[in-house]
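Coordinates in review
This is what each chain is made of:
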2 protein chains.
Amino acid sequence: MGATPVKRTSRDIRTANRYEVLRQIIASSPTSRQELAAATGLSLATVATLVGELLDLRMITEVGFEDSAGGRPRGLVAVNASGGALIGVDIAETYVYAELYDLGLNVLARAEERMRPGQSTPEEVVAHVATTTRSVVAQAGVESARVLGVGVSMPGQVDRATGVSEYAPNWDWQDVPLLDLLAEHIPYPLYLDNPLRACAVAELWFGAARGYGDAVVLILGTGVGAGLILGGAVHRGVSSSAGEWGHSTLVLDGRLCHCGNHGCVETYVGAPGIMQNIRELSPRSPLLHPGDQSATIDALAAGLAAGDPDAVKVVRDLARYLGAAIADLVNVLNPEVVVLGSWVAIRLGTPLLREVRAAVARHALKRPMAATRIVLSPILTDSVCMGTATLALEGALQSVGQTTGKRATRARSRTAPPT
Amino acid sequence: MGATPVKRTSRDIRTANRYEVLRQIIASSPTSRQELAAATGLSLATVATLVGELLDLRMITEVGFEDSAGGRPRGLVAVNASGGALIGVDIAETYVYAELYDLGLNVLARAEERMRPGQSTPEEVVAHVATTTRSVVAQAGVESARVLGVGVSMPGQVDRATGVSEYAPNWDWQDVPLLDLLAEHIPYPLYLDNPLRACAVAELWFGAARGYGDAVVLILGTGVGAGLILGGAVHRGVSSSAGEWGHSTLVLDGRLCHCGNHGCVETYVGAPGIMQNIRELSPRSPLLHPGDQSATIDALAAGLAAGDPDAVKVVRDLARYLGAAIADLVNVLNPEVVVLGSWVAIRLGTPLLREVRAAVARHALKRPMAATRIVLSPILTDSVCMGTATLALEGALQSVGQTTGKRATRARSRTAPPT
């Protein structure tokens, strides 16, 4: 493995700035170029150029003027929701789920295909993705030409550059060229990544990480992991496998994990780990629904709401494990925000959050702890789908720079700011 | 705590590219612009501009021509070692140590001041730094005007932008404006950071992380921590306290740490933790030199070399702890290289490295493990001093961009750290 020189180009910066401006427009439509400059820290001239590009792409639209105190009226722009459609697909162990969004990231259509155990060859999975994709396009009545892209989330280790599913632990896939297989059936630009990165990018654009340079987005579900946002962008690592916090050692020589290591965070705080915690506390607990993670977590949430002492004890125990494991990320990465996401976090909600905050504070160093907010994900729809749709949006914005040398110039002159 | 918009400017890129080109020249003098373009991935035009700036600053010099196959002779440049001097200062618990370097990062002079317990007020420490700085300048016979800067490493949490030592655990300093105090006695541009970042930047410029985008530099000494290089630059975190890997929980409810948490990595793999490991294995072990970490680690190294079974067992035990704790970083960050540095790693050397590699492989996921090299630091001098001197070099290069053509604002950088 040779050293790879780190190349930074001004195109990378233009793309990042284009993301930043569109993010801000989506968040605060209608808005003016002046407000965008203030919110992003970019110069008014840069903002005007980027706004021109987005207008030219019909991703945003001019929506009138506002008075400015004593000055000329300022032009307002807003996201052009119907200017394009984005599809996000979440491939999970037992289902494929797709959502179609407009450019305001409103959900226009949904489709789901269930998969039985054993029905998980690459061909079967590709067929489910193609079916759900066709279904959401038909339901929403969107013209094909307006679909800007399809983002697909595949669990495990994914090389987004080559579109290969390198390793999917649940199905034991090895080096499946998933993007190529999908491209045979789906006539839109395709983007592949894993759920950790999908959720991170959803929080970065539309959720709790918006505007932060360094954020950690935790996935707390059957499996657990961390999507990392460092320096304002998703951190992927050298072989696209960063974020495997679920396989950090929390208890040396502790519970055996399916990865082969002992004492992994996931074995204590993933849904099966929580079931094991309940079993160790009280083998016949009525909270426990053997073989049914979802029902067990629901019972726990209901027990919490009713003040059941066993449920309170289980959640306190869970928070103790999470507290130490999250404190490790706070100490090592010193992020501005830690977001708790995915279904276990969402169902256990505020009572879990309260316990986790107290537990992290017991384990973390004081200074980084004081600089870090710990919050629940505010994203109400499926954040994996929203994240993959956002990856498709990023892809569409990135390709702008490669193809619009001329158009950008024209757009710039058309939208020159009032002086 | 509000969200801070992430600003990226083309000046940041120019500075990063300037670092990259000078790093490459230092590593492979003499070299041509063509070779530099190939090694850095930058365009020949960009390289020519940056080389011009460095020539103008007299940091490099033209040294002749080489034939190119069939083409014009290519101009060669080399680092101008005598074109400036850099000073690195390592403030530690019991000493202040300074080194003066030429621009080829050769050590020209060294000075040390011992400190007794209790002699650690900010005023006393500042006096020691001033004395060692004066001493190295006098020894090397360098003109004051040629000293480009002094980098100072202070343990604990340091805000490099304001130059404040926010928290130094050993001395219980809180919010000491160290850079301002130093500026009253030292007439050169000053840069403050902590040892984790100093060692990371030394490895990035001159050591095992050269040319890598994502690297982890472990400090294994009395305390332990991780300098993080992510995306080709040092990751500092939102409150400049990233890298506190020593306070990750390795053993839930394990040994009490001075930070207040239990089971921290540092309590098992820092020098005092290693002494505790020996004590637990065999309370009267001849390896143990009570109250003397340095003698204990030396005895362990000697025992290893002689094949003493107790020493072998202690190192295997140490590697087991390190293996799990390093695997956490490999899984979460997916770096290209992990560098073992500082005095414990250097004295235990290759036998420790061999055991650590095997232990990390047992704990880490296969894919990120396959992508990560684990190596000993190749830096032979004090890497904290070399790192802080490099921070001063970075500061000098950064201020170029601010003053290109004028260079008149140099006096301002005398008291203002780089931002």
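Residues numbered from 1 in each chain as written. Chains lettered and ligands numbered in written order. Predicted model: local features only at pLDDT ≥ 70, side-chain atom pairs only at ≥ 80, totals over all residues. Heavy atoms only, no water.

Next up on the list: the overall build of chain A. Along the backbone of chain A there are 14 helices and 16 strands. On C-alpha atoms alone, chain A measures out to a radius of gyration of 23 Å, which is about the 22 Å that the 2.2 N^0.38 rule sets for 419 residues. Considering chain A as a whole, with its 419 residues, one finds that 59% of them fall into the buried category. Within chain A, counting contacts between residues at least 6 apart in sequence, those at least 24 apart form 60% of the total. Accessible area of chain A: about 16,300 Å², with a carbon and sulfur share of 52%. Within chain A, one finds 37 positive and 40 negative side-chain charges whose respective centroids are separated by 8 Å. (Helix = DSSP H or I, 4+ residues; strand = E, 2+ residues; numbered from the N terminus. Rg over C-alpha atoms; globule rule 2.2 N^0.38 Å. Buried < 20%, exposed > 50% of the residue type's maximum accessible area, 1.4 Å probe, protein only. Contact = heavy atoms within 4.5 Å. Areas by Shrake-Rupley, 256 points an atom, 1.4 Å probe, with all protein chains shown as cover. Lys, Arg positive; Asp, Glu negative; His and termini not counted. Charge placed at Lys NZ, Arg CZ, Asp CG, Glu CD.)

Time to look at the domain arrangement of chain A. Residue and element names in this part refer to chain A. You can read the domains of chain A as domain 1 (10-82 + 405-414), domain 2 (84-199 + 383-398) and domain 3 (208-376). Each of domain 2 and domain 3 was reduced to a C-alpha centroid, and the two centroids are 26 Å apart. In this assembly, 11 residues from domain 2 lie in contact with 13 residues from domain 3. Taken over both partners, the interface formed by domain 2 and domain 3 buries close to 990 Å², and the fraction arising from carbon and sulfur atoms is 57%. Across the contact surface, domain 2 and domain 3 share 1 salt bridge. D193 serves as the salt-bridge partner of R236, at 2.7 Å between the closest nitrogen and oxygen. (Domains from an automatic or database assignment. Buried area = accessible area lost by both parts, 1.4 Å probe. Salt bridge = Lys/Arg side-chain N within 4 Å of Asp/Glu carboxyl O.)

Moving on to the sheet that holds strand β1 (residues 31-32) of chain A. Residues and elements named next belong to chain A. Taken together, the 3 strands give an open sheet; going across it, the order is β1-β3-β2, and neighbouring strands pair in antiparallel fashion. Only two strands of the sheet have a single partner each, and these edge strands are β1 and β2 (60-66). Bridging between β1 and strand β3 (residues 74-79) involves 2 bridges; their strand directions are antiparallel. Pairing of S32 across the sheet is with L76, part of β3. (Pairing = 2+ DSSP bridges.)

Residues and elements named next belong to chain B. Counting buried positions over the 7 residues of strand β7 (residues 147-153) gives 7, a clear majority of the element. Strand direction decides the pairing type here: strand β4 (residues 85-91) and β7, joined by 6 bridges, are parallel. Following the sheet pairing, D90 is matched in β7 by S153. With 4 bridges connecting them, β7 and strand β11 (residues 190-193) associate as parallel partners. In the strand pairing of β11, V152 is matched with L192.

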